[in-house]
Each structure stands twice: as C-alpha cells, then as structure tokens.
Protein chains: 2
Amino acid sequence: VARSETLTRTAVAAVGIPVALAAVYLGGWVLGGLLALCASLAVLELFRMSATRGAAPLAAAGVAGTAALVLAATFDPAAGLANPLLPGALVLLVLAATTASIWTHGVERQPLLSVSVTVFGAAYTSLLLFGVLLRHLPGIESAWHGTFLLFAPVVLTWLSDTYAYFAGRAWGKRKLIPRVSPGKTVAGAVGAVVGTVPSALAYTWVLGHWTTYRPGWVEAAVFGLLVSVAAQVGDLVESLLKRDAGVKDSGRLLPGHGGALDRFDSLLFTLPLGYVFFRWVVGV
Amino acid sequence: VARSETLTRTAVAAVGIPVALAAVYLGGWVLGGLLALCASLAVLELFRMSATRGAAPLAAAGVAGTAALVLAATFDPAAGLANPLLPGALVLLVLAATTASIWTHGVERQPLLSVSVTVFGAAYTSLLLFGVLLRHLPGIESAWHGTFLLFAPVVLTWLSDTYAYFAGRAWGKRKLIPRVSPGKTVAGAVGAVVGTVPSALAYTWVLGHWTTYRPGWVEAAVFGLLVSVAAQVGDLVESLLKRDAGVKDSGRLLPGHGGALDRFDSLLFTLPLGYVFFRWVVGV
C-alpha cells in the first residue's frame, strides 16, 4: 500500500468514524436512513457484479426492497423480528419483481436469474438492519447503552480483521482457502480468533461495570469466538462473489476503502450474531 | 388433449380434491405439512429449471429453508406475518447458503447465481404459507369457516382459469403477450375477469349468510377482479420461467397435471391476496 493511499484511507476514516458514531448515537430514522443508504449502495454493487454473469437484476425494485426492509425495521425496532413489515416487504418484492419481469425481461434477458439476484441481493444486504435492532433493543438503559451494544460486533469485527492481518503477516505460511481468497492464511484466521476472544471479554467487562448486565465469562468468550469466525466467513463470502464476477473491489465508494459491500461484508454476518447474543443470550 | 389424458386428469382430480379438502379442514400441522411438501417439490422443480441457465442451487439448504418458512407460519398461524420465525428462517437461509457456497461452489460453479436462485426459490414457493394463515385467521368461527376462507382464492383462481379457457376458445383472436405465453388471448384475459367478479360476489354472499361477516359488494367485486388479475399474472410468471428454462411443464408430479409449480403458480399470487383481503379489508 502506497504512502498516499494510507493517508487517504486514514483521512476517510477520520471523517467516517465520527459520522457513524453520531448516527448510531442519534439512532432512529437517522441511523435507519444511513443504513438503508449503505445497504442500497451495496445492493447496487452486487447487481453490477451479477451483470458479468449474465443477470440483469431489476435495480429499482431491488433497491426499493432493500431500503424498505431496513426502514421497516427502523419503524418499530423494539418489535425486532416480530415485525410484520419485514416479511411483508419481502413478499411485495417477490411479487413485484416477478410481475415486472414479464414485461421488462421477456424470455431474452434471463428472467429467472435476474429476479433471483434481485430478491437475494435485497435479503443479503438488508442484513444491515440488525444494526438498528441492536441500537434499540427493548432493554437498553440509554442512548449510549444502545450505541455500545451496536458497536460490540462492529468493534470486534474490526479487531478480528486487524488481528488476522498482523498474525498472517507474522506467521502466515499455509493458505486458508486460496481458490476463494489467495491472501488469507491459516495463521491469520487462528490469530483473529485468539485475539478476538480476550477482546470480547474486555468489551463485555466494561459493559458489566456500567450497566445492570453482569457478563458470563463463558458466554462472552464464545461470543468473541463466533464473531471472529462470522467476520471471516462474511469476508470470504464477499471475496467469492467478487472472484465470481472477476472484480477486485465491489465498487469505489470511498477512496482507499473500496466499495460499500467491501466495507460491510463482515457486518452482514456479525450484526445478526450480535443481535442474537444481546437479545436472547444476554437478554437485553 | 387426448381422451385418455382427460380421463387421467379427472381421476387425479377425483383423488386430489377430497385429499386437499380434508387437509384444509383438519388444518394445523396436517395442512402445514402438506403445503411444506408442495412448496418443497415446487422449489426443486425451480432449481432443476435454473440448471439450464447455469445455476447450481444449494438444493438441500433451499428445500430446508422453503419447508422451514411454511412450517414457521404453521407454528403460530394466528401471529400472521408478525411471526419472528419467518424473517429468522430467511436470515438463516441467506447466511447458511452463502457460507456453504464457499466450499460447495468455489468460484467455478457460479456462486452468486446459485445462491441467488436458492434464496429466491425459497421466498417464492413458500408463498404457499399464506394458505395456513388464511385457514387460521384469528377471527374464524369454526374449522369450516377457515376452510371456506382458504378456498375463496383457491376456487376463484380455478374459476378464473376456466373462464379464461372458454372465453379464449370462443372469442380469442388477439394474443395477450405471445413471447411469454403464446396460447393466451386478450379475450381470455377479459373473460376471466368478467366471470370472476360475479363469482366473488356469490362466494362472499354465501359467506355473509353463514357467518357474522356482512359483505361489502364493492370490496367483494374488487377482490374478484384482483384475484383474476393476480391468477393470470402468477400464471404468466411461471410461463416466463419455464420458457426461460426451455421446458413445457415444470415437472411431472401428477399425471396430466404437470409439475407442482404448474399447479400452484397462480396460488403463489392469489393466496397472499386472499390473506390481505380477509385479514385487513374484511377484518377476520
């Protein structure tokens, strides 16, 4: 990585992180709107990638469905998954996309694959909606509490990536799964897990000193392990989809950071995991 | 249609209709299990069709997800769409299918298209779950009442098809949309709608004489119109997917009746419509 690119990356992060923190703290429609925007950009990148494989997704319906899913969660975040707007939005998307394809796609433009990518793209990228659900868990005691819960999977995902990078650089020899992602090593994957477990313990320890929640050490350690594994799986999934499409970055949203999907690939897996942990294991 | 095929069709209907009626009357897991089976067969047909377009769907995950969605609705039908198991099952399918594709599909077997068809197929064919929701609407007064509500879109769909057939044969000249479905005519489509409206009025009139529901004539007429349109759209969607795959029937489940998807294509559109009508317009 060239020096100037490192500077650009740092500058983007210096702006992006405070903006993200403010949106998460404010929560509600500010956070929901930002996540709907991010998911919409990510799904458009996925649609563009799928074109190299002959699909012609219904972009307008797909983006509308993706944003609708995130905003549906934002409309009543305390309801969590018991929100009829979530299956409602997906059913509407399935019916609208298939109906529209009769006229937009005929038989010439791969209707089955195109409709499939449209619906899958919305279901996949709208997993960001778990960020809103985490921020507004019914048992949160304050805006900072909700912010801290949402940042648990976010910070641990970022730490897991960082541990993987340094462990891989220091000890990496054997490749993890080179045909999917040539840079990743077994040492990097192991280092990520080994580093993320104590990080999760520290994170939940702070949470326990500050809220009514008393962390179970075993559950926190298992959470750290699962977040690191999920973050790496989410990264591999996106690497696979990018290699399938023959692109290096999913897009060019942020200078030095690649596309939206590059930024959020791991969070699509770790945010749902964070929700399951804090909602049903910790019971917030 | 040859005489022997007509006989076979009639024989299959003579067995199938009483079985379907018994399952609907019994409701609960009997109906949910039967619909889960039908949706699973339909999704497998869709997967086989997608293979002609280069996709290699994760069949086991897709069938499990399809059945899980229908059975999730059956677990608590009174909750309707406010059932956390519905989005839960879909999220699990998205995460499981993408994760599995890292190992099962690598970059060689079209992972993006294959995962997309897997998830779309489950979302599309599991629309049959609206049958369970209709049968067990929270306001039903008896098993027969629930049966009668579920059969409203079923019977009107069947009548709409029948009107389309005879109107098309009697007056059909101008083709409706020949590149998607060469046999359909404008006269058939119009005849279907014109016939289904009074049929819907008659059906709801019987319902009104027999339950506490008093039908609004306008809402019943609009319902008949929308069912006929939705039935025809659902039929066109499946015709499009079959032409895309280059097959005449989706499968050979029932002698003389084609595949499961051929049988249920219209119901995937009219059952959700029936649910919306009886749940939110009529208020059962």
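Everything here concerns the structure above.
Since the model is a prediction, treat every value here as computed from it, not as a measurement.

(A) Seen up close, the environment of T185 of chain A. All names here are of chain A. Mapped onto the secondary structure, T185 falls in strand β2 (residues 181-185). Its relative accessible area of 9% is what places T185 among the buried residues. Considered as a pair, T185 and A143 are 42 residues apart in the sequence and their alpha carbons are 39 Å apart. Setting aside chain neighbours within four positions, we find T185 in contact with G168, G172, K173, R174, K175 and L176. Engagement of the side chain of T185 in a polar contact is seen with the backbone nitrogen of G188, the distance being 3.1 Å.

(B) Here's a closer look at the environment of A192 of chain A. Residues and elements named next belong to chain A. Structurally, A192 can be placed in helix α8 (residues 186-208). On the basis of relative accessibility, which here comes to 0%, the residue A192 falls in the buried class. Along the chain, A192 and L253 lie 61 residues apart, while their C-alpha atoms are 27 Å from each other. Beyond its immediate stretch of four places on either side in the chain, A192 contacts S160, Y163, A164, S228 and Q232.

(C) Local environment of the interface of chain B and chain A. Contact residues are listed per partner, giving 49 residues for chain B and 49 residues for chain A. Across the chain B/chain A interface, buried area totals approximately 4,300 Å², and carbon plus sulfur atoms make up 80% of it. Three residues, I102, L112 and F120 of chain B, lead the burial of chain B against chain A; their summed loss comes to 16% of the area buried on that side. Joining chain B to chain A, the criterion identifies two salt bridges. In this structure, E108 of chain B engages R179 of chain A in a salt bridge whose closest nitrogen and oxygen atoms are separated by 3.3 Å. Applying the counting rule to chain B against chain A returns six residue pairs in polar contact (both at pLDDT 80 or more). Secondary-structure elements contributing two or more residues to the side of chain B that touches chain A are α2 (28-51), α4 (85-104), α5 (111-125), α9 (217-245) and α11 (267-281) of chain B. The element contributing the most residues to the side of chain B that touches chain A is α4 of chain B, with 12 residues. When grouped by side-chain class, the residues that make up the side of chain B that touches chain A number 35 nonpolar, nine polar and five charged.

The rules behind each value
Residues numbered from 1 in each chain as written. Chains lettered and ligands numbered in written order. Predicted model: local features only at pLDDT ≥ 70, side-chain atom pairs only at ≥ 80, totals over all residues. Heavy atoms only, no water. Helix = DSSP H or I, 4+ residues; strand = E, 2+ residues; numbered from the N terminus. Buried < 20%, exposed > 50% of the residue type's maximum accessible area, 1.4 Å probe, protein only. Contact = heavy atoms within 4.5 Å. Polar contact = N/O pair within 3.5 Å; in protein donor to acceptor, adjacent residues only side chain to side chain. Buried area = accessible area lost by both parts, 1.4 Å probe. Salt bridge = Lys/Arg side-chain N within 4 Å of Asp/Glu carboxyl O. Nonpolar A, V, L, I, M, F, W, Y, C, P; charged D, E, K, R; others polar.

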